[in-house]
Structures are given as C-alpha cells and as structure tokens.
Amino acid sequence: MNFSLSVRINFQVLSQMNFSLSVRIGVFNFQVLSQMNFSLSVRIGVFNFQVLTFNLMVFHTKKYDVIVVGAGHAGCEAALAAARMGCSVLLMAIDLDKVAAMPCSPSIGGMAKGQLVKEVDALGGEMAKITDQTAIQYRILNTKKGPAVRSSRTQNDKIRYHIAMKAVIEREPGLDLRQSMIERLVTEDGRIAGVEDHTGFGYQAQTVILATGTFLSGLVHIGFRSVKAGRAGEFASYALPTHLKELGFDLGRMKTGTPPRLKKSSIDFSQFREEGGDQVPMPFSFFTEKITAPQVPCHMGHTNERSQKIVRENLKHSALYGGIIKGVSARYCPSYEDKVVKFPDRDRHQVILEPEGLDTEEIYASGLGNSLPMDVQIQFVRSVKGLEEAEIMRPAYAIEYDYVNPVQLRPTLETQRISGLFMAGQINGTSGYEEAAAQGMWAGINAACKVQGRPPFVLDRSRAYMGVMIDDLVTKGTREPYRMFTSRAEYRLMLREDNADLRLMEKGHELGLIDKDTLRDVREQKRQIEAEMKRIRGTIIKPSAENNDYLQSRGTKPITTGVHLDQLLKRAELDYDMVESLAPSHEAITRKAARQAEIEIKYEGYIQRQLKEIEKFRNLESRKIPEGFDFDKVHGLSNELREKLSAVKPASLGQASRIDGITPAAISVLMVAIRAFKD
C-alpha cells in the first residue's frame, strides 16, 4: 500500500519562538507550540483525512510587564501605578471614548468613599487630582460630627473628567492604551502568560489585572426589554466570563442601576430647594493648591403619593419585580421600586438633581432609579413637583453582570488559582468609583511588585480604609454589592481623611510613587505637629482678667488657677483659635499642622484607647500562616471551619479570626497546629 502525506502549515510567530514538527506514519507524534495554528491532512489512496488542527494566535511583538483589562476607575489607577513604578504596561478598553467614564452619579467621594480617594492620592494615585480639575461643587459631609467621620464629596463634570484622565494616561511614559475586547487568558503551567482579544490577536505579559466593571455578561433591563450591554449603549463581554468559569473560578450575579437623565431646560427649578457647595472649597488632592473650575448648585425635592402609586401599580412591569432580574441588588442604594416595596409607610422620598457638567443639558435625577418601561418612567418622573414637563434624555435602567467571588483572591488581589492574575473593582463584587480606584491602585502596585521581585504591598485594617475593604473582600467575600462605610473601619479615628498623607506618603515614596520633595514636606508637617503638641502640653495659662474674659466670650468657664493649655483645648467649646489667642506659637506653623495638633490633643483619650486595640490586633496579624499549610489536616476543627479556611487560605491568624464562624477556640487550635507545622 502506498501512503501520501501532505502537511500545510500557516503561522506567524515572534522571532524568539521555536517551532518543531515531527510526524511518523502509523503512529502520529506531533510537537507544536501552543497557541499556534497547525493543520495536518493525510491522503490514503483517494481518501483525504484531516487529523489535527490547532488554533493560530498571533502575538504582539512587544511583551509587557503588566496588562490591565478595563479602563474604568480601577483600570486607570492600576495602569498608572504600575507604569509609574517602572513597568511596561498595556491598558485595554472596549471603547476609548469611555475611559474613566461616570456611568452613574457624576460625583466623587462621600461617606467613607472620600477617605478612600484621599488614600489613593496619598499613595500617588490620580483620582483626587482629576477630581480637582473637573469638580463643579465641593462639600465636606458630617462637619457637625467628629473628624473620624467627616468626608469630602464633589459633583464633577463627567466629560471633562474622562478627557482629563485619558490625557494623563496617554502621556504616561511606559503606558500604552489600546481599544480591544479581551476574550481569553493565556496561561502556562498555572501562571498567566498574556491575553487574547476578540480577533484572535494575543498580547504577552508577566501579570494581568482584570478590571472589567459591569461588562461581564452585562444585561441592561428597561421593563421587560433586555439588551446585552456592559452599560447602556456599550458592548458587553460574554466570552471572558465563560472562559473564567472554564478556568475554575466561582462567578456570581449582581445587579445595579442608574436613574434617568433629564433635560435641564424642561425642569422648573423653582419647585426645588437649591443646595450649594461649601463657600470655600477644600481641594480633594493634597497636591492641589487652588480650585479654578466654576461652582454650580444642585437642587433637592421629593416624590409624593402619586409617584408611589404609579410605581406600585406598575411593579409587575418592572424588570426587578417582574421576575426578569436574578442578580443581587445593593441594599444601600435601592431602586425606587425597592423603596416602595420595602418602605411602604413612607409617603415621599428624596430627589436630588445633579448637573452632569458645565456644557451639557443633562441632569442626573438621583433618587429616581428604576427598571420600569419607558412609558411608565415618563409618568413617574412627571409626577414629581417641578418635573411636570420634564423630558427624559436617557432612561433609567437596571444592569446585571457577573462578578468573581473575592474569597478566591489573596490579600494582594492576586488570584489563588492562577499566579500573576489580579482582579480589581466591580469584578470583585464592590460598587462605586472610589472602591474601584482603591482596588485598582492596590492591584497595580502588587502586579509591579511581583514583576520586580519586591515584597507584596498590603496595608492592614489599622493603617488604611483600603486595608479594611480588601480584608473584608478576601476574608469574608460578598454576595451583594460591597460599599465602604466608616462603620466598617474599627480604627476610624486613626484613619481620618485629614491625615491620609501623614499615614501613607512615606509608603508611597518607598514604592516610587511619591517624589522626595513631597516626602520632605510631609516630614516637616510631622515635625511641626509633634513640636506644637509638646509646646501646648507644656504651656500653662494663668487666671488673668484678660484670659477669663476671652474664655467667657467663647462660652466656657473661667479658670481660677493655672491650667495647662492642652486641658483647655480639650473643652468642647474651644478650638485651636483659643491657642492662637492665649498662647500663640513663636514658630510659624501651617494651618494643617495646627489642626492635626488640635485633633490629637482633643481626642487623646480615644486615640490612646485605639492604639492599645491596634497593638493587640497587630500581635495576631504578625502570626503568619505558612504558605502551603493544609487546613484539612488540623485536628479539633469542624468540617465547616476547615472548608472555610481552605477556601480563604488566610495569611495570618488575624485574618483567620475574621472569617465568619471562626471562634477564639478555633484560633487556639490553629496556633498549636501552625507551631507543630513549623517544627
């Protein structure tokens, strides 16, 4: 019998790649490079057989240190952090016209979120700087409460924000920006090697960060009409989440939404209460010296019983209550349907009209979010006093999307399953631009550290709000959209907005993200604070007529004997102005240093108590659990606890203690087992 063998090979590869092919008649042995196209056909007489086919992936000639998939707030901070640390970075976006988009509220900051933005800024991130360039209203929230819960919030011009951030990214050395949809990850022996886009083109990298937002299997709902979209008007990614499942990741489903945008000229603003910003805007970034953008007001109103009735009668047409949506909603940011159902006794709800920019007619109608059909949305919006003639420029909608359960991540945000693969932002189950930006920076720094062989970057719960959020996610996971709150931070008096630079800029400098001049200024601030606190504690105020007249004018009791200045400063009626009036410093100190000295002295008792708690916390955190420790072999633990510990793989006894269901007795058992493992 005669055999005829023909081989057709079409390929394009990098010059440094090797290609080899061996064929044996009878038994076929093939050695080819993975990711290459190879087609083999065998002809026996008149019969043709195609016996083997491989897919072709052409790789970009440049190999990157870090590839970031997704250019929202998480992706932008991740890419910038890694590039500024000296890595070659590729940032991939489905649509370059949506880089750093604000698809929901055109605002930055808010309760606890402001602290996150300040921390990103203190480490050398970009969000606060871009905020100051584009903010059209500033407000500090909770000014009547203590400094631990005060937070900054801005309204922003969303288009200018996008343009400003994109310009920064385009100018950053070592950072390439591309438009493409990534559909698969390239892995080799359990570690990441690159990504493949929807055209089959490949990009190689040592590390990859997925910052995909709401685009994984995104589904937009308006009534019973559903559209596959990452956000209204944008493509969704369906191949990538399918691939992640194939790789063994546990994915869940979440839901969020956005209210309608109304045409400004169709609104009767006289029926709303004007809400202006702070008279003297305080910059968000520690690096901003002056606010130059025009400032504009928001407007506040309320829905009414008619609004309630319209929504209640049309719940059956709602995507959320009509059985269409399966994803879990955020309890802290309910849609209007949720408000009607869950708060039936309330006859009205707040509506805030927020301008989306200086050069647009679009008004963000906060409080009117829903997933109702368009005709019902028009009735509902026009039921609000002042919106009787309102025109909807963009309808409200709900969106469902996939996320990856974050207990599958390490404290660095690297996945446990694939080395070199990181995840940041809404893919981890969080909500909000600020939470995303903080995770993006965290992942970007750690990807760079992995590439450069540096120690991982991890801040514990006592050092930053970022640390609280990451620890919550990787230790407890989440089954609903996670939102940051001041109540989540047990050491919040130490983690204030005003001291984020003092807490974190030293670390930013170590990472190469904060320059030496800035570090010098921070160290000078610390010196001034310590010197002023020492001076105040060592100064005695005598009971003179002049001093007592001043104290009485400030609404506090006069003194009859000499009193240390710090004891007067602790009185609720007094602040640092009293120090300047009764015993001014001979050294010129900054207003910030004076304010920090005042806080440290006024809250000294509470601060000392938290410092003791932090000492106990760090003692447990310092007891590390060795890499490769097998929790299944720990005797004395229930099967449930072993299963939870094996899933989370805590890095320390401190992290283990925060896993749901872990008791002090279980920690004692673990402590003994770890000691035996080391011995």
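Preceding this paragraph is the structure being described.
Residues numbered from 1 in each chain as written. Predicted model: local features only at pLDDT ≥ 70, side-chain atom pairs only at ≥ 80, totals over all residues. Heavy atoms only, no water.

1. Some details on the overall build of the protein chain
No. 1: If you tally the helices and strands in the protein chain, you get 20 helices and 25 strands.
No. 2: In summary, the protein chain has a C-alpha radius of gyration of 29 Å against a globular reference of 26 Å for 679 residues, a match within 12%.
No. 3: If you line up the protein chain on its principal axes, its C-alpha atoms span 120 × 70 × 55 Å.
No. 4: Each of the 679 residues in the protein chain was classed as buried or not, and the buried ones make up 53%.
No. 5: Surface accessibility of the protein chain: about 30,800 Å² in total, with carbon and sulfur atoms responsible for 50%. (Helix = DSSP H or I, 4+ residues; strand = E, 2+ residues; numbered from the N terminus. Rg over C-alpha atoms; globule rule 2.2 N^0.38 Å. Buried < 20%, exposed > 50% of the residue type's maximum accessible area, 1.4 Å probe, protein only. Areas by Shrake-Rupley, 256 points an atom, 1.4 Å probe, with all protein chains shown as cover.)

2. Structural notes on the sheet that holds strand E7 (residues 135–141)
Adjacent strands of a sheet form backbone hydrogen bonds with each other and so pair up, either parallel or antiparallel.
No. 1: Taken in spatial order, the three strands line up as E6-E8-E7 in an open sheet, and their pairing is antiparallel. Since the sheet does not close on itself, it has two edges, and those belong to strand E6 (107–109) and E7, each with one partner. Strand-to-strand twist in this sheet, taken as the mean axis angle between neighbours without regard to direction, amounts to 15°.
No. 2: Where E7 meets strand E8 (residues 151–156), six bridges bridge the pair, whose relative direction is antiparallel. Looking across to E8, one finds that Ala 135 is bridged to Asn 156. (Pairing = 2+ DSSP bridges. Axes fitted to C-alpha atoms, helices over the stretch in contact; angles between N-to-C directions.)

3. Comments concerning unusual backbone geometry
No. 1: Non-glycine residue Ser 217 carries a positive phi angle of around 55°.
No. 2: Its place among the elements puts Ser 217 in the loop between strand E12 (201–210) and strand E13 (219–222).
No. 3: Overall, the relative accessible area of 10% leaves Ser 217 in the buried class.

4. Topic: the pairing of E8
Regular strands place side chains that alternate from one sheet face to the opposite one.
No. 1: Within E8, five of the six residues are buried, leaving the element largely enclosed by the surrounding structure.
No. 2: Note that E6 and E8 share three bridges and pair antiparallel. By the bridge assignment, Gly 109 is partnered in E8 with Arg 153.

5. Examining the pattern of salt bridges
No. 1: By the definition in use, this model includes 48 salt bridges.
No. 2: A salt bridge links Asp 95 to Lys 98, with the shortest nitrogen-to-oxygen separation between them at 3.9 Å.
No. 3: Residue class for Asp 95 comes out partly exposed when judged on its relative accessible area of 24%.
No. 4: A salt bridge links Arg 591 to Glu 580, with the shortest nitrogen-to-oxygen separation between them at 3.7 Å. Within this pair, whereas Arg 591 is found in helix H16 (residues 591–602), its partner Glu 580 is found in helix H15 (residues 576–582), the two being separated by eleven residues in sequence.
No. 5: Judged by its relative accessible area of 40%, Glu 580 falls in the partly exposed class. (Salt bridge = Lys/Arg side-chain N within 4 Å of Asp/Glu carboxyl O.)

6. So, the side chain of Arg 461
No. 1: Counting through the fold element by element, Arg 461 comes out in the loop between helix H9 (433–452) and helix H10 (465–476).
No. 2: Within polar-contact distance, the side chain of Arg 461 engages the side chain of Asp 472 at 2.8 Å.
No. 3: Not counting chain neighbours up to four residues away, the residues in contact with Arg 461 comprise Gly 467, Val 468, Asp 471, Asp 472, Arg 488, Glu 490, Tyr 491, Leu 495, Phe 617 and Arg 658. (Polar contact = N/O pair within 3.5 Å; in protein donor to acceptor, adjacent residues only side chain to side chain. Contact = heavy atoms within 4.5 Å.)

7. Quick look at helix H1 (residues 73–84)
One full turn of an α-helix is made of 3.6 residues, so residues set three or four places apart face in the same direction.
No. 1: The terminal C-alpha atoms of H1, which comprises twelve residues, lie 17 Å apart, in line with the 16 Å expected from a rise of 1.5 Å per residue.
No. 2: Most of H1 sits inside the fold, with eleven of its twelve residues counted as buried.
No. 3: Taken as a whole, H1 has its buried residues at His 73, Ala 74, Gly 75, Cys 76, Glu 77, Ala 78, Ala 79, Leu 80, Ala 81, Ala 82 and Ala 83.
No. 4: Trailing H1 by a residue or two, Gly 86 shows a phi angle of about 100°, which is positive. (Expected span 1.5 Å × (residues − 1).)

8. Some points on the sheet that holds strand E15 (residues 251–258)
No. 1: One open sheet holds the four strands; their spatial order is E14-E13-E22-E15, and the pairing between them is antiparallel. A strand with exactly one partner marks an edge of an open sheet, and here the two such strands are strand E14 (225–228) and E15. Averaged over neighbouring strand pairs, the angle between their axes works out to 25° when direction is ignored.
No. 2: As defined by bridge partners, E13 adjoins E14 across four bridges and the pair is classed as antiparallel. Its bridge partner lying in E14, Val 220 is registered against Val 227.

In short, the description is geometric, and any link to function would need to be established separately.
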